[in-house]
Amino acid sequence: MTNKTRKNIIKWFWIILATPFALLFIMLLLVWMFAKIPSFEELERPESKLATQILSDDGQLLTTFHIENRTFVSYEELSPYLVHAAVATEDARFYRHSGIDTKGLARVFFKTLLMRDSSQGGGSTITQQLAKSLYPRREIKSKFPGWKQTVMVWTKLKEWITAVKLERNYTKDEIVNMYLNSVFFGSSAYGIRAASETFFAKLPSEVTVEEAATLIGMVNKPTRYNPALNPDKALNRRNFVLRRMTQNSYKNKGFHLPKKQLDSLQALPITLQYQVQDHHAGLAPYFRDRLRRDMSARKPVRSNYQYIEDYLYDQQRWEQDQIYGWLIKNKKANGEQYDLDKDGLKIYTTINYKMQKYAEEAVDEWLGGNLQKTFNRELRWKKYPPFADDTEPDVRERLMSNARRWSDRYRLQKSAGVPEAEILAQFRKPAKMRVFAYNSKGYADTTMTPDDSIRYYKGMLRCGFVAMEPVTGHVKAYVGGPNYRWFKYDNVSQGKRQVGSTIKPFLYTLAMQEGMSPCDKTVCVPQSFLATDGTEWTPRSTDKDEWIGKTVTLKWGLTHSSNNISAYLMKQFGPHAMAEMMRKMGIHSHIDEVYSLCLGPTDLSPYEMVAAFNTFPSKGVYITPMYVTRIEDKDGNVLTEFTNTKREAIGERTAYLMVNLMSGVINHGTGYRLRGTYGLTGEIAGKTGTTNDNSDGWFIGYTPTITAGIWVGGEDRQIHFNSLALGSGANMALPIWGIWMKKCLADGSVGISAEDRFVAPAGMTLDLSCTGDEHDDATETIASQEEYYFE
């Protein structure tokens, strides 16, 4: 071989060897110069992926609006175990490289690609994995040969360049923090905070070393190593991460796991508090739904409303209520509309975390633990369960037909063009399905026809609970039904049902406002009214026979919820005056001004009823309910601060007289169960309500510091208990109030105390003991006990 040939061989050897590196350098240079590299703000605050947080009055997270359930945390909010586990497992030389680990790449090339040893893992550093989140892999459909590979190489080069830039612009702590905030952990958990809450119900700062190892173990394959789905594989993966933590220490960072602890840690089981943080999870899901509806509301259009009153109310809210239509009325600096699911807003609410928790517990304990079981036993004896035996066949069929047409099964197939007869035939064919159940799982897997599933769900009792604070009008708790995952309808504000005897305090308020007092007397006898068509109507008496013809006080009348006394007052003032009083106290729904109004046939929502009753402990001032105090953007800038309106609805003296009247209901009347069964002390006033056929049970009660109300009933009025003993408001609704109040009083930190007292107006000297006048046995029992609450 001549020297010339030898030189040519050497030359071409180096050309061949250098060409790939030269091409790589040129491509890197081109990418650096011309490729669009996303800004680092997308890593620090990827606003297109941030969940909106709904926070309680003390700043605790209630729930979120999200597409990706992601909430950012700072490096200081991370447990050191999380950082150690991530670095030791995903990038052992993280603190020594500058974004690209050349040793790791060489290992991948020789051992993984050439020697086919997949156990050596990938070569991407944490910084590269972080950069990768800016370049989501898209499906490439081009038929041009090699184009898919070219695009992948181009993207990979951009990731490398971005990784180097990240290392130049951020500290290692900032990079690992952004990485942990960007990772998907499975189970709808994006970022380390969502993962910690989903799997362990903890903040990232609270996780233990073995919990940190479990979470980091999922990063590689979120489904395969999910401890809720694959516990054995997750355990093995966790123990692998623990071994890597003992092998890779970073003493200058304080990360060190002694090998002597490894065996004891690996022997520990994985103990989860697993709850997927989806749209059904978290506290106050019905409240979150109400919040979204209100914030997304558009300007009212009259044709969308049956009653003019509802249209005028929403029109007023559009003009005066800042939260109503907030997303439509408020824009970003660039003119775009805010997105609750993506923009990372912080919505500070008036909901009290503990009160809300206790309210949801109270509903579940009474409805699921007692009342529904009792109702199920009664359903077994009905001819056409869950409907009452006297329900007409055409009414049953109408209710079932409506339910079929409202179902997803019907609507989806109808829109797909499936014939009507074919769709309806499916409702009679058995199918496997999962249904709601009051058990440890919250559901039951069974086989039944869709028609039977409709009947099954109709047989589930529904409820609505809301609590408001006097003086401020702040909503403190909101439960719209028994279980949001299965029953989306909000019975607090969407549902309107007959209110029964809970309407009577409005009539008594009118009487007090017009100068009467609790101790004024009348004879307990039925009252008759002449209707406009010339017919006579006499309200059915609910009083015992021995009470008829007795002289009694108005206090006695409300305490015993006497229809005779309510009818007497209606004769004195008339339906128009009563309706006007209701409107003054905040009732905005349609009211038929008829004589029977005194017995409660009007359909109203728990939300407006509780707001109206809140006027009594607020000393006669009606306060518009308020449930949001401020909204901030993702950077903490205040976008809106909220206030509510207050106006005098009734005099302070009248309000105090009503407190006296309604305290009698609790101390000696239909609400006495709060004292006897639940042992509640302190000053409480309230009113029960039951409608015809026991279709609706109500209770609204208040103390000097809180007002709360509950409705309980079936989805349809034809679904109800047979007896008043079981179907009354005192049995269906009042126990939820009692359980909730017991929890609040036992807590001691929610601002409610048995020592709270109603304060009489300055200079008021009226004797409310109802003693000193002539009275018979019917009033003496009550009169001798009235001194208990107003001496």
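Along every chain, residues carry numbers that run from 1 in the direction the sequence is written. Given that this is a predicted model, residues contribute local features only at a pLDDT of at least 70 and side-chain atom pairs are listed and counted only at 80 or more, while totals for whole chains, interfaces and linings are drawn from all residues. No hydrogens and no water enter the side-chain calculation; it runs on all heavy atoms of the structure.

### Some details on the overall build of the protein chain
Numbering of helices and strands starts at the N terminus; helices are DSSP runs of H or I of at least 4 residues and strands are runs of E of at least 2. Along the protein chain, the regular secondary structure elements total 29 helices and 22 strands. Out of the 791 residues in the protein chain, the part that is buried amounts to 52%. For this analysis, residues touch if any pair of their heavy atoms sits within 4.5 Å. Sequence separation of 24 or more characterises 70% of the internal contacts of the protein chain that already satisfy a separation of 6 or more. Of the accessible surface of the protein chain, which amounts to about 37,200 Å², a share of 52% is contributed by carbon and sulfur atoms. Partly exposed describes any residue whose relative accessible area lies between the buried limit of under 20% and the exposed limit of over 50%, with all areas from a 1.4 Å probe on protein chains only and scaled to the type maximum. Only the protein chains shown count as cover for residues, with accessible areas throughout obtained via the Shrake-Rupley method and a probe of 1.4 Å.

### Points about the packing of helix 3 (residues 80-90) against helix 7 (residues 172-182)
Interaxial distance between helix 3 and helix 7 falls to 11 Å at its minimum, and their mutual angle equals 90°. The pairing of helix 3 with helix 7 is recorded here as roughly perpendicular in orientation. Between helix 3 and helix 7, the residues in contact are Leu82, Val83, Ala86, Val87 and Glu90 and Val176, Tyr179 and Leu180, respectively. Here the residues of the contact of helix 3 with helix 7 are counted per class, giving 7 nonpolar, no polar and 1 charged. All axes here are fitted lines through C-alpha atoms, helices being fitted over the stretch that makes contact, and every angle between N-to-C directions spans 0 to 180 degrees. By definition in this entry, angles of less than 35 degrees are roughly parallel, angles greater than 145 are roughly antiparallel, angles of 65 to 115 are roughly perpendicular, and the rest are oblique. We call Asp, Glu, Lys and Arg charged. Ala, Val, Leu, Ile, Met, Phe, Trp, Tyr, Cys and Pro are nonpolar, and the rest, Gly among them, are polar.

### Points about the pattern of salt bridges
Salt bridges are defined as contacts in which a side-chain nitrogen from Lys or Arg sits within 4 Å of a carboxyl oxygen from Asp or Glu. Using the criterion set out here, one finds 36 salt bridges in the structure. With its nearest N and O atoms 3.1 Å apart, the salt bridge here joins aspartate 490 to arginine 293. In this pair, aspartate 490 is assigned in the loop between strand 9 (475-479) and strand 10 (497-498) and arginine 293 in helix 12 (residues 285-296), connecting sequence segments 197 residues apart. On the accessibility criterion, arginine 293 (26% relative accessible area) is partly exposed. What you see here is one network of salt bridges that share partners, running through Arg290, Asp294, Arg317 and Asp321.

### Comments concerning the state of the cysteines
Note that a disulfide, as used here, is simply two cysteine sulfur atoms within 2.5 Å. Summed over the entire model, instances satisfying the criterion amount to 1 disulfide. Note on cysteine connectivity: cysteine 519 is disulfide-linked to cysteine 770, with sulfurs 2.1 Å apart. Here the S-S torsion is close to -90°, and the disulfide linking cysteine 519 with cysteine 770 is therefore left-handed. With cysteine 519 in the loop between helix 20 (504-513) and strand 11 (521-523) and cysteine 770 in the loop between helix 28 (734-747) and helix 29 (777-786), this pair connects stretches of sequence that are 251 residues apart. Look at cysteine 519 and you get buried, because its relative accessible area is 14%. According to the relative accessible area criterion, cysteine 770 is buried, its value standing at 10%.

### Here's the deal with the pairing of strand 9
For strand 9, the tally of buried residues reaches 5 of 5 residues, placing the bulk of the element in the interior. In this analysis, strands are considered paired if DSSP registers two or more bridges between them. Where strand 8 (residues 462-468) lies against strand 9, 4 bridges are found, and the strand directions are antiparallel. Along strand 9, the bridge assignment pairs methionine 468 with valine 475. The antiparallel hairpin formed by strand 8 and strand 9 contains 6 residues in its connecting segment, where valine 471 sits at a positive phi of about 75°.

### Focus: the pairing of strand 2 (residues 61-65)
For strand 2, the buried fraction is high: 5 of the 5 residues fall into the buried class. Sheet topology places strand 1 (residues 52-55) next to strand 2; 4 bridges connect them, and they run antiparallel. Paired with leucine 55 across the strands is leucine 61, a residue of strand 2. Counted between consecutive antiparallel strands, the loop separating strand 1 from strand 2 contains 5 residues, among which glycine 59 sits at a positive phi close to 85°.

### A few points about the packing of helix 3 against helix 9 (residues 209-217)
Packed helix pairs are specified by the crossing angle of their axes together with the interaxial distance, meaning the distance between the axes. Packing of helix 3 against helix 9 leaves a shortest axis separation of 9 Å and a crossing angle of 45°. Looking at the two axes, helix 3 sits oblique to helix 9. Of the two possible hands of crossing, helix 3 and helix 9 adopt the one that is right-handed. Contacts between helix 3 and helix 9 involve Tyr81, Leu82, Ala85, Ala86 and Thr89 on the former and, on the latter, Val209, Ala212, Leu215 and Ile216. Taken together, the residues of the contact of helix 3 with helix 9 break down into 8 nonpolar, 1 polar and no charged. Whether a crossing is left-handed or right-handed is set by the direction in which the near helix is turned from the far one by less than a right angle, anticlockwise for left-handed and clockwise for right-handed.

### Notes on unusual backbone geometry
A cis amide bond, omega 10°, links proline 385 with the succeeding residue proline 386. Inspection of the secondary structure assignment puts proline 386 in the loop between helix 15 (353-379) and helix 16 (393-406). Backbone geometry at serine 187 places phi at a positive 55°, although glycine is not the residue there. Tracing the backbone shows serine 187 in the loop between helix 7 and strand 4 (189-190). Taking relative accessible area as the criterion, serine 187 reaches 16% and is therefore assigned buried. The phi dihedral of lysine 619 is positive, around 60°, even though this residue is not glycine. Note on placement: lysine 619 falls in the loop between helix 23 (606-613) and strand 16 (621-623).

### Focus on the packing of aromatic side chains
Note on aromatic pairs: the rings of Phe, Tyr and Trp (six-membered ring only in Trp) are paired at centre separations within 6.5 Å, and the planes decide the class, stacked below 30 degrees, edge-to-face beyond 60, tilted for the rest. Applying the stated criterion across every chain yields a total of 26 aromatic pairs. Residues tryptophan 737 and tryptophan 740 carry aromatic rings whose centres are separated by 6.5 Å and whose planes lie at 70° to one another, so their mutual orientation is edge-to-face. With tryptophan 737 and tryptophan 740 both in helix 28 and 3 residues apart, this pair spans about one turn of that helix. Neither residue differs from the other here; tryptophan 737 and tryptophan 740 are each classed as buried. Taken together, the aromatic side chains of Phe436, Tyr438, Tyr456, Tyr457, Trp486 and Phe487 make up a single cluster linked through ring pairs. Whether a charge sits over a ring depends on NZ of Lys or CZ of Arg being within 6 Å of the ring centre and within 35 degrees of the ring normal. Positioned above the aromatic ring of phenylalanine 94, the side-chain terminus of lysine 172 is 4.4 Å from the ring centre. For the cation-ring pair, arginine 630 lies above tyrosine 348, with the distance from its terminal atom to the ring centre recorded as 3.7 Å.

### A word on helix 15
Taking 1.5 Å as the rise per residue, helix 15 with 27 residues should run 39 Å; its terminal C-alpha atoms sit 36 Å apart, in good agreement. Along helix 15, the largest kink reaches about 40° and is centred on leucine 371. A side-chain oxygen of the first residue of helix 15 lies 3.1 Å from the backbone nitrogen of lysine 354; this N-cap is asparagine 352. To estimate how far a helix should reach, multiply one less than its number of residues by 1.5 Å. Consider a residue and the seven residues that end there alongside the seven that start there; fitting an axis to each set, the bend is the angle between those axes. Two N or O atoms count as a polar contact when they lie within 3.5 Å, although within protein this holds only if one can serve as hydrogen donor and the other as acceptor, and sequence-adjacent residues are included solely when both atoms are side-chain atoms.

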